[in-house]
Amino acid sequence: MAIFINEPSHTFNEYLLIPGYSSSECVPANVSLKTPLVKFRKDEKCPLTMNIPMVSAIMQSVSGDKLAVALAQEGGVSFIYGSQSVADEAAMVRRAKSYKAGFVTSDSNISPDDTLADILALKEKTGHSTVAVTEDGTAEGKLVGIVTSRDYRVSRMDPGVKIREFMTPFENLIWAPEGTTLKEANDIIWESKLNSLPIIDKDGKLCYFVFRKDYDTHKQNPNELLDESKRYVVGAGINTRDYAERVPALIEAGADVLCIDSSEGFTDWQKFTLAWIRERYGDSVKVGAGNVVDADGFRFLADCGADFVKVGIGGGSICITRETKGIGRGQATAVIEVCKARDDYFRETGVYVPVCSDGGIVYDHHITLALAMGADFVMLGRYFARFDESPTNKVNIGGTYYKEYWGEGSARARNWQRYDLGGDKKLSFEAGVASYVPYAGTLKDNVALTLSKVRSTMCNCGALTIQELQQKAKLTLVSATSITEGGAHDVIQKDTSAVIK
């Protein structure tokens, strides 16, 4: 006979944190959001720790190489989507890993035989006024000059004039050799009163630009997450079908951590994938697994060798798994049970396997609730899809800007591997939808605002670390009426969207 659990499963929105004692030390500036990303043994240091408890979802509409860099600058990790060819995913990982903090690969390049009209068209496309002139017009070509807006005047020049006629030639440029440190580069910029400094290899080819403005930005990222080579930490998604080809390619490209992207983690397919990785790489390759929603699922993946376990089925804003299959669990209940199993596993084995809450985050405060319930970090899709750095188009609908957002189980993504149960290599039915989300600007600004709320709430609970929050937090279920009273009600709100100047 089937097992019946008559106690309802709950979502984050059904819980509130109860304020605790806050000492004078409990101010947001003192809060640390450091958290383990992968498993570690008792009394040992975690080999990979994040500075903020946020990772991006393994989705086409969320996690590309630009978002990977932007999130690493803030202290989190992006898992570049795996529902693309092995070569394309590896190339994305490689681009993100090759991005050195403060060193920019030029994306505005032109050849000396192009024209002023070509420069203007390129500036219109990229918005950049500094253009590298290379022999072949590529970012990796031999540098022969630079064009900035000071080198031409549109009103006085023929649009057909060749770039070689007005560019600043290489012999008049100040440059630095490959291997120059960021501090050394910026010393040259300030001493020579430059806006940019090209970094050149021994063959005269362009490696990077260092910009005056980027140095200030670099200093504004105290939480940036770097590997031992001072490059950004980057994650990547894999599946349970082509891992024998995909994993080696991603490791060679420089991926720091992998994650099996699947709607169901309590399967032999994940066991086989983890066993293959452990047999060939031991513990040197870090790989998360999931998704699961109960203690049995957690212990299964922990015993299989997962470095972290993702929790959640059918709780994402883009997911319709519960509607189409009638399977899943309330995210809060799932996180609470799995985190208890994580703690039991740690006491029994001495191995701490971090838990990632994947889905169910509607409001910023749900992140704090997930952490208080035991999650070590959260995985977010819709949240990051709204930003400039996500891979999707920004569209104008009725005078309002939106970003495209679609699920991996949608007809657009057709990521059948995520839902693979060993059958035909196809998506039999949709488990996600295509949609739009309100455009929200840059990742940096939004993450800063979100985490300021998390830090403030932690102080209300008397906690200065995530681990302390999990020990001290008191949570209460709330009634439907209480949820209604939690927002503005019984008033006519003013429209503050228009600002009178």
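Position labels on residues start from 1 in each chain and follow its written sequence. Since the coordinates come from a predicted model, pLDDT governs what is reported: local features require at least 70, and pairs of side-chain atoms require 80 or more to be given and counted, while whole-chain, interface and lining totals use all residues. Think of the side-chain values as coming from all heavy atoms in the structure, minus any hydrogens and water.

### Regarding the overall build of the chain
Okay, so step 1: In terms of regular secondary structure, the chain is built from 15 helices and 24 strands.
Okay, so step 2: Counting the 501 residues in the chain, one finds 51% classified as buried.
Okay, so step 3: When contacts within the chain are restricted to residue pairs at least 6 apart in sequence, those whose partners lie at least 24 apart make up 64%.
Okay, so step 4: Here the open area of atoms and residues is found with the Shrake-Rupley method and a 1.4 Å probe, where only the protein chains shown may cover a residue. A total accessible area of about 24,300 Å² is found for the chain, and carbon and sulfur atoms account for 50% of it. Secondary structure elements are defined from DSSP: runs of H or I of at least 4 residues count as helices, runs of E of at least 2 residues count as strands, and each element is numbered from the N terminus. Only protein chains enter the accessibility calculation, which uses a 1.4 Å probe; a residue is then buried when its area is under 20% of its type maximum, exposed when over 50%, and partly exposed in between. Throughout, a contact is declared for two residues whenever any of their heavy atoms are within 4.5 Å.

### Digging into the nonpolar core
Okay, so step 1: To define a nonpolar core, start from buried Ala, Val, Leu, Ile, Met, Phe, Trp, Tyr and Cys residues and group those joined through side-chain atoms within 4.5 Å. Ranked by internal contacts, the top residues of the largest apolar core, which has 107 residues, are Leu-37, Met-54, Val-77, Phe-79, Leu-258, Phe-298 and Phe-384.
Okay, so step 2: The element that contributes the greatest number of residues to this core is helix α10 (residues 331–349), accounting for 7 residues.
Okay, so step 3: Contact partners of Phe-79, with chain neighbours within four places excluded, come to Val-55, Ser-56, Ala-57, Ile-58, Ser-63, Gly-235, Ala-236, Val-257, Leu-258, Cys-259, Phe-308 and Met-379.

### Some details on the pairing of strand β16 (residues 287–292)
Okay, so step 1: Of all the 6 residues making up β16, 6 are buried; the element is thus mostly covered by neighbouring parts of the structure.
Okay, so step 2: DSSP calls a pair of strands paired once it identifies at least 2 bridges connecting them. Bridge count between strand β15 (residues 257–260) and β16: 2 bridges; the pairing is parallel. Bridged to Leu-258 within β16 is Val-287.
Okay, so step 3: The handedness rule is simple: strands pointing away from the viewer, and a clockwise path from the first strand over the helix to the second, make the crossover right-handed. Crossover handedness for the path β15 to helix α7 (residues 268–281) to β16: right-handed.
Okay, so step 4: Handedness of the crossover is the feature at issue here: the chain leaves β16, passes through helix α8 (residues 295–304), returns alongside strand β17 (residues 309–311), and the resulting connection is right-handed.

### Brief notes about the environment of Arg-153
Okay, so step 1: With respect to the element layout, Arg-153 can be found in the loop between β9 (143–147) and β10 (168–169).
Okay, so step 2: In this structure the C-alpha to C-alpha distance between Arg-153 and Leu-116, which are 37 residues apart in sequence, comes to 9.7 Å.

### Structural notes on the sheet that holds strand β7 (residues 109–110)
Okay, so step 1: In space, the 4 strands of this open sheet follow the order β7-β8-β9-β10, with mixed pairing throughout. What marks the edges here is a single partner per strand, and that holds for β7 and β10.
Okay, so step 2: Sheet analysis places β9 next to β10, joined by 2 bridges and oriented antiparallel. Residue pairing across strands places Ile-146 opposite Thr-168, the latter belonging to β10.

### Considerations on the packing of α8 against α10
Okay, so step 1: Interaxial distance between α8 and α10 falls to 8 Å at its minimum, and their mutual angle equals 45°. Accordingly, the angle class assigned to the pair α8 and α10 is oblique. Crossing geometry of α8 relative to α10 is assigned as right-handed. Facing α8, whose interface residues are Ala-295, Phe-298, Arg-299, Ala-302 and Asp-303, α10 presents Glu-337, Val-338, Ala-341, Arg-342, Asp-344, Tyr-345 and Glu-348.
Okay, so step 2: Among the residues forming the contact of α8 with α10, the class breakdown is 6 nonpolar, no polar and 6 charged. With axes taken as lines fitted to C-alpha atoms, and helix axes fitted only over the stretch in contact, angles between N-to-C directions fall between 0 and 180 degrees. Convention used here: angles under 35 degrees read as roughly parallel, angles over 145 as roughly antiparallel, angles from 65 to 115 as roughly perpendicular, and any remaining angle as oblique. Crossing chirality is assigned from the near helix's rotation relative to the far helix, an anticlockwise turn below a right angle marking it left-handed and a clockwise turn marking it right-handed. Throughout this entry, Asp, Glu, Lys and Arg are counted as charged residues, while Ala, Val, Leu, Ile, Met, Phe, Trp, Tyr, Cys and Pro are counted as nonpolar. The remaining residues, Gly among them, count as polar.

### Concerning helix α3 (residues 116–126)
Okay, so step 1: Among the residues of α3, Leu-116, Ile-119 and Leu-122 are the ones counted as buried. The buried residues of α3 all sit within an arc of 120° when viewed along its axis, so they share a single face. Facing away from the buried side of α3 by over 90 degrees, the exposed positions are Glu-124 and Lys-125.
Okay, so step 2: Where α3 is buried, its residues meet β7, β8 (131–134) and β9.
Okay, so step 3: In the segment just after α3, Gly-127 is the residue with positive phi, at about 80°. Working note: the arc is built from the helix axis to C-beta atom directions.

### Focus: the side chain of Asp-227
Okay, so step 1: Note that Asp-227 resides in the loop between α5 (212–219) and β14 (235–238).
Okay, so step 2: Only 2.7 Å separates the side chain of Asp-227 from the side chain of Lys-97, close enough to count as a polar contact.
Okay, so step 3: Every residue in contact with Asp-227, bar those within four places of it in the chain, is listed here: Lys-97, Val-233 and Asp-256. Contacts described as polar in this section are N or O atom pairs within 3.5 Å, which, within protein, must combine one atom able to donate a hydrogen with one able to accept it, while residues neighboring in sequence count only if both atoms come from side chains.

### Some thoughts on the sheet that holds β15
Okay, so step 1: Taken in spatial order, the 8 strands line up as β5-β6-β14-β15-β16-β17-β19-β20 and close into a barrel, and their pairing is parallel. Strand after strand, the sheet turns through a mean of 30° between neighbouring axes, direction not considered.
Okay, so step 2: Strands in contact with α8 are β16, β17 and β19 (355–358); relative to β16, the strand with the most contacts, it is inclined by about 160°.
Okay, so step 3: Sitting on the sheet, α10 touches β17 and β19, and the angle it makes with β19 is about 175°.

### A look at the state of the cysteines
Each disulfide is one covalent bond, formed between the sulfur atoms of two cysteines.
Okay, so step 1: We call a pair of cysteine sulfur atoms a disulfide when they lie within 2.5 Å. Per the counting criterion, the structure on display carries 0 disulfides.
Okay, so step 2: Cys-26 forms no disulfide, and the closest cysteine sulfur to it belongs to Cys-459, at a distance of 5.4 Å.
Okay, so step 3: Take Cys-356: it sits in no disulfide, and the sulfur closest to it among the cysteines is that of Cys-259, at 7.2 Å.

### Some words on the side chain of Ser-390
Okay, so step 1: Its location among the elements puts Ser-390 in the loop between α12 (382–385) and β21 (394–397).
Okay, so step 2: A polar contact is formed between the side chain of Ser-390 and the backbone oxygen of Phe-387, at a distance of 3.1 Å.
Okay, so step 3: Of note is the side chain of Ser-390, whose polar atom sits 3.2 Å from the side chain of Lys-403.

### Description of the pattern of salt bridges
Okay, so step 1: Salt bridge, as used here, is a side-chain nitrogen of Lys or Arg placed within 4 Å of a carboxyl oxygen of Asp or Glu. The full count for this structure, using the stated rule, is 22 salt bridges.
Okay, so step 2: One salt bridge in this structure joins Lys-310 and Asp-358, with 2.9 Å as the shortest N-O distance. Here Lys-310 is found in strand β17, whereas its partner Asp-358 is found in strand β19, with 48 residues between them in sequence. Assigned by exposure class, Lys-310 and Asp-358 land together as buried.
Okay, so step 3: For Lys-340, the salt bridge identified is with Asp-344, shortest N-O distance 3.2 Å. In this pair, Lys-340 and Asp-344 are both assigned in helix α10, 4 residues apart and thus about one turn of the helix distant.
Okay, so step 4: Taking the relative accessible area as the measure of exposure, Asp-344 reaches 22% and is therefore partly exposed.
Okay, so step 5: Here the salt bridges share partners, and the residues they tie into one network are Glu-89, Asp-242 and Arg-246.

### Quick notes on the confidence of the model for the chain
Okay, so step 1: Known as pLDDT, the predictor's confidence for each residue is given on a scale from 0 to 100. Taken over all residues, the pLDDT of the chain has a mean of 88, while the share at 70 or more is 87%.
Okay, so step 2: Low pLDDT, under 50, characterises residues 427–431; the predicted model gives this stretch 20 contacts beyond four residues in sequence or across chains.

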